Amino acid sequence: MKRFTYLAVALTLLLCLVGTSCKPATPEPAAEVVIGAIYPLSGSLAPTGELLRNGVELAVEIINGEYPDLNLPLAAEAGLPNLGGAKIRVIFGDHEASPEKGLSEAERLITEENVVALLGCYNSSVTATASEAAERLGIPFLNPESTSPKLHTRGFKWFFRTTPHDRTFAENFFDFLKDLKEQKGIDVHTLSIVYEDTLWGADVGEAEKELAAERGYEVVADIPYEHETAEVTSEVLKLKEASADAVMMASYISDAILYQKTFKDLDFNPPGILAMDSGHIDPSFLGTVGADGNYIMSREVWALDLSVKKPVVKTVNDMFVERYGKNMDGSCARSFTGMLVLADAINRAGSTDPEAIRKALLETDIPGDMLIMPWEGIKFDPETGQNTLGRGIIVQVQDEKYYTVWPFDLASKDIIWPMPTWSER
Amino acid sequence: MPPLLVDRVTKMLSQLLISGFLMGLIFSLVAVGLTLIWGVVEIVNFAHGAFLMLGMYATYWLYRLLSIDPLFALPICTILLFFVGIVTYRLMIRRVLTAPMVAQIFSTFGLMVFLENMAHFLWSSDYRLIKEPIVHGRLEVFGLFISKPQLVAAAGAMVATGLVYWFVTRTQTGRALQATAEDKEAAALMGINSDRMFALAWGIGGACAGAAGVLLANFYFIFPKVGDIFNLTAFVVVALGGFGSIPGAFIAGIIIGLVQVLGGHLVAPAFKSVIVFIIYLVVVIARPQGLFGKF
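Residues numbered from 1 in each chain as written. Chains lettered and ligands numbered in written order. Predicted model: local features only at pLDDT ≥ 70, side-chain atom pairs only at ≥ 80, totals over all residues.

1. Section: the overall build of chain B
Point 1. Across its full length, chain B carries eleven helices and two strands.
Point 2. Taken from the N to the C terminus, the helices and strands of chain B come in the order α-α-α-α-β-β-α-α-α-α-α-α-α.
Point 3. Whereas a compact globule of 295 residues would reach a radius of gyration of roughly 19 Å, chain B reaches 20 Å, a difference of no more than 12%.
Point 4. The principal-axis extents of the C-alpha atoms in chain B amount to approximately 70 × 50 × 35 Å.
Point 5. Residue burial in chain B is summarised as follows: out of 295 residues, 52% are buried.
Point 6. Here the contacts in chain B between residues at least 6 apart in sequence split such that 78% fall between residues at least 24 apart. (Helix = DSSP H or I, 4+ residues; strand = E, 2+ residues; numbered from the N terminus. Rg over C-alpha atoms; globule rule 2.2 N^0.38 Å. Buried ≥ 20, exposed ≤ 12 C-beta atoms within 10 Å, placed from the backbone. Contact = placed C-beta atoms within 7 Å.)

2. Quick notes on the overall build of chain A
Point 1. Within chain A, the regular secondary structure consists of twelve helices and 14 strands.
Point 2. Its C-alpha atoms give chain A a radius of gyration of 24 Å, within 12% of the compact-globule value 22 Å for 425 residues.
Point 3. Counting over 425 residues, chain A shows a buried share of 48%.

3. Section: the pairing of strand β7 (residues 218–225) of chain A
Residue and element names in this part refer to chain A.
Point 1. In this sheet, β7 lies alongside strand β6 (residues 190–196) in parallel orientation, the contact comprising seven bridges. Counted as the bridge partner of T190 is E218 from β7.
Point 2. A crossover links β6 with its parallel partner β7, the connecting element being helix α6 (residues 199–214), and its sense is right-handed. (Pairing = 2+ DSSP bridges. Right-handed = clockwise from strand over helix to strand, strands pointing away.)

4. Looking at the sheet that holds strand β1 (residues 32–39) of chain A
Residues and elements named next belong to chain A.
Point 1. Taken in spatial order, the five strands make up an open sheet running β2-β1-β3-β4-β5, and their pairing is parallel. Where the open sheet ends on each side, the last strands, each with one partner, are β2 (87–94) and β5 (159–161). Here the average twist between neighbouring strands, direction ignored, is 25 degrees.
Point 2. The strands that helix α2 (residues 46–64) touches are β1, β2 and β3 (117–120); relative to β2, the one it contacts most, it runs at about 170 degrees. (Axes fitted to C-alpha atoms, helices over the stretch in contact; angles between N-to-C directions.)

5. Considerations on helix α10 (residues 246–266) of chain B
Point 1. Spanning 21 residues, α10 of chain B covers 30 Å between terminal C-alpha atoms, matching the ideal 30 Å at 1.5 Å per step.
Point 2. Counting buried residues along α10 of chain B, 15 of its 21 residues qualify, which places the element largely inside the surrounding structure. (Expected span 1.5 Å × (residues − 1).)

6. Notes on the sheet that holds strand β9 (residues 273–275) of chain A
Residues and elements named next belong to chain A.
Point 1. Pairing within the open sheet is mixed, and its seven strands lie in the order β7-β6-β8-β9-β10-β13-β14. Two strands lie at the open edges of the sheet, namely β7 and β14 (401–406), each paired on one side alone. On average, each strand axis in the sheet is tilted by 25 degrees relative to the strand beside it, whichever way the strands run.
Point 2. Pairing of β6 with strand β8 (residues 246–250), which is carried by five bridges, proceeds in the parallel orientation. Bridge assignment links V194 to a residue of β8, and that residue is M249.
Point 3. Each of β6, β7 and β8 touches α6; the most contacted strand, β6, lies at about 165 degrees to it.

7. Quick look at the domain arrangement of chain A
How large an interface is tends to be reported as the accessible area lost when its parts come together.
All names here are of chain A.
Point 1. The domain architecture assigned to chain A consists of domain 1 (20–164 + 309–378) and domain 2 (167–300 + 393–424).
Point 2. Across the contact, five residues belong to domain 1 and seven residues belong to domain 2.
Point 3. Class assignment for the residues of the side of domain 1 that touches domain 2 results in three nonpolar, one polar and one charged. (Domains from an automatic or database assignment. Nonpolar A, V, L, I, M, F, W, Y, C, P; charged D, E, K, R; others polar.)

8. A word on the nonpolar core
Point 1. Ranked by size, the top nonpolar core spans 223 residues in total, and within it L118 of chain A together with I26, V30, A201 and A212 of chain B carry the most contacts.
Point 2. When residues of this core are assigned to domains, at least three fall in each of domain 1 (20–164 + 309–378) and domain 2 (167–300 + 393–424) of chain A.
Point 3. Ignoring anything within four residues of it in the chain, the contact list for I26 of chain B reads A153, A154, A157, A212, L215 and L216 of chain B. (Core = buried A, V, L, I, M, F, W, Y, C linked by C-beta atoms within 7 Å.)

9. Description of the interface of chain B and chain A
Point 1. Counting residues at the interface gives 24 residues for chain B, matched by 23 residues for chain A.
Point 2. Put simply, the parts of the chain that give the side of chain B that touches chain A at least two residues each are α1 (3–41), β2 (144–147), α9 (226–241), α10 and α11 (272–286) of chain B.
Point 3. It is α1 of chain B that contributes the most residues to the side of chain B that touches chain A, five residues altogether.

10. A few points about the pairing of β2 of chain B
All names here are of chain B.
Point 1. In the sheet, strand β1 (residues 138–141) pairs with β2 via four bridges, with the strands oriented antiparallel. Looking at β2, one finds that R138 is bridged to S147.
Point 2. Counted along the chain from β1 to the antiparallel partner β2, the turn is two residues long, and its residue F142 has a positive phi close to 50 degrees.

11. Let's talk about the packing of α9 of chain B against α11 of chain B
Axis angle and axis distance: for two packed helices, these are the angle between their axes and the distance between the axes, and together they describe the pair.
All names here are of chain B.
Point 1. Orientation of α9 relative to α11, taken along the N-to-C sense of each, is 35 degrees, at an axis distance of 9 Å. Classified by chirality, the crossing of α11 by α9 is left-handed. In this structure, α9 uses V236, A239 and L240 to contact α11, whose residues at the interface are V276, I279, Y280, V283 and V284.
Point 2. Residue classes in the contact of α9 with α11 are distributed as eight nonpolar, no polar and no charged. (Left-handed = near helix turned anticlockwise from the far one by under 90°.)

12. Observations regarding the environment of N193 of chain B
Residues and elements named next belong to chain B.
Point 1. If you trace the backbone, N193 turns up in the loop between α7 (184–189) and α8 (194–217).
Point 2. Its 13 C-beta neighbours within 10 Å are what place N193 among the partly exposed residues.
Point 3. When the C-alpha atoms of N193 and L25 are compared, they prove to be 33 Å apart, with 168 residues separating the residues in sequence.

13. Considerations on the packing of helix α5 (residues 166–184) of chain A against α6 of chain A
Residue and element names in this part refer to chain A.
Point 1. Between α5 and α6, whose axes approach to 10 Å, the crossing angle comes to 45 degrees. Classified by the interaxial angle, the pair formed by α5 and α6 is oblique. By crossing handedness, the relation of α5 to α6 is classed as right-handed. Of the residues in α6, those in contact with R167, A170, E171 and F174 of α5 are V204, A207, E208 and L211.
Point 2. In terms of residue class, the contact of α5 with α6 is built from five nonpolar, no polar and three charged. (Parallel < 35°, antiparallel > 145°, perpendicular 65-115°, else oblique.)

14. Here's the deal with the confidence of the model for chain B
Low pLDDT marks stretches whose predicted atomic positions should not be read closely.
All names here are of chain B.
Point 1. In the predicted model, chain B carries a mean pLDDT of 90, and the fraction of residues at 70 or more is 98%.
Point 2. Per-element mean pLDDT across chain B ranges from 86 in β1 up to 95 in helix α2 (residues 48–66).
Point 3. Model confidence for the complex: the whole-complex pTM is 0.79, and ipTM, which rates the interface, is 0.83. (pLDDT = per-residue confidence, 0-100.)

15. Here's the deal with the confidence of the model for chain A
Point 1. Chain-level pLDDT for chain A is 89 on average; 93% of the residues reach the 70-or-more range.
Point 2. In this model, residues 13–29 of chain A is a region of pLDDT below 50 whose contacts with residues beyond four sequence positions or in other chains number 16 contacts.

16. A short note on the environment of N82 of chain A
Residues and elements named next belong to chain A.
Point 1. Inspection of the secondary structure puts N82 in the loop between α2 and β2.
Point 2. A tally of 16 C-beta atoms within 10 Å means that N82 is categorised as partly exposed.
Point 3. For the pair N82 and D292, spaced 210 residues apart in the sequence, the C-alpha separation amounts to 55 Å.
Point 4. Leave out the neighbours within four places in its chain, and N82 touches N347, R348 and G350.

17. Observations concerning unusual backbone geometry
Point 1. Backbone torsion omega between G120 of chain A and C121 of chain A reads 5 degrees, so that peptide bond is classified as cis.
Point 2. Looking at where C121 of chain A falls in the secondary structure, it is placed in the loop between β3 and α4 (124–137).
Point 3. In this structure, P418 of chain A follows W417 of chain A across a cis peptide bond, with omega equal to -5 degrees.
Point 4. Inspection of the secondary structure puts P418 of chain A in the segment after β14.
Point 5. For S67 of chain B, which is not a glycine, the phi torsion comes out positive at approximately 50 degrees.
Point 6. With respect to the helices, strands and loops of the structure, S67 of chain B is situated in the loop between α2 and α3 (70–96).

Here you go:
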């Protein structure tokens, strides 16, 4: 019996050695290019994971099929023309929102499935670990939708990110204020900053204060508040006293509702409210406060009404609805875009060699009008792998619906600023 | 100070005092039910916030499905929660009366978890709000803003607390309740059925949570864990006022409401809970029986 154990251990060790020393296979141009995608397909994020997966699948369908009418990368020809029309095949891994699972799935896909590149992982924490595996094993990792600002500053060689990150989104508020002054003649000088006191809100608050100082805005009220508090009277009265030109908010849903009601009860009338998504774009927000939520502005990553200025958004969304019975959202629009960018690089590389793909990714230059995103295009920073042309949009609630109001060239409605006072409504 | 500034400061102070006072009265009503159960049965009801949540949902569904305005739902929900309290006592609390305190704590805590998750399961985690109750909007008096539903809620809380106090101190049954609270055995010797009195205390406790739920639902959002937001404050109020004291809970509720709003404004909003809990700690250390507690 003992001998068997020895044998088993020896064999296992040997197998492990083989597993790690085996370089991922890089075969000749094949009829099929295999890509790994790791998403939260089960667990509490399963509904989001499903959408992300659908986004990738639709992109693959467009790449592999012939859609000459679509102005998107690789839509016109079938497959990857530079690889003899090779088709893309995606193998999905499930990370269940766990960083450990993400890491092991990345290793499995690279060493066992021999994928030539990885896509994922939505959750910033999982993207962090999975991309480490890719870095170690020398495989390009494209991250379409994680927004933690720390991800692209790790000095990784194989990491690329298409989406703008949280810092960019905070900067967008200030770009917006600048545009507001230059193009609409609306001068905002003083700001009140309100944020909930858990990690997310505190981070947003810090970033906003820093940027305000950098760009010469005066913060007249700095109000961190307790998440899920019973009342916010003192906070709102502070805001009223400060009477800033604009209020910046970072709130989860229950707080967002409570603030909006208290604003009305205490007759607080700021010229503009700029919210950092989350509570203010939660479907429950307008469902609960109704018309009282009008004129609120929030940052967003994507909106369906971009189709007013970008018809391709509608075409792609129609295809999506036809297949999956739902409208696209900011998450799957980004996973869709990520897949296209990766395929575009592989095609330009003309091979499935990881180094060639990495080089091609660095040379990526996709103009904004070939994207369904509101970005100015895709170009990666050679040092960090971060897309330098990404930006968010700002939506405003008008008649209880969200409309894109900034960037002004993508707006589907004119911005309403200042917001009417409560007694005028 | 220039007169204009004085005017602004007094206005701000008055607004803070009014808002704090109104919020405090709601805290009072939530706490009265809690303190009554403690005073008579000597069990801490962690599910009190969950009762409040049930009251709010009952109000919401009466409004949505039968178009009954919260004002008219007040008696219905109060009676409903009265029975929820009694059923809780009969099915659960009676069995743990003589059990160790840990078992009592776990049973009401478990009930809270059960009720919250049941609400989650039955009504989803969506946030809900009664959109157009009869009483809505706000009053403007001398430049001060008062939300009408909050005013109604505060008045309702005052009346309800008064009624409970009147019942406990002025009626035969109420005196029996007090006697049981003071000495269960002696009361039993006088022919008072302590089991009935305990059930009654749970019933009234539930009814208070129900009434508070209705009054809150008039202007507050409703979701399965809404009780948690008020539960913690209610415990502080009860401890400050003295466990078991109805006038204590009433006064302490108003104090906490004022401290939260005034302290939040004068120091910094981020510290408003800190101030509340510092007061709580000072009371627990310096006067453990609370402001009006007897023991």
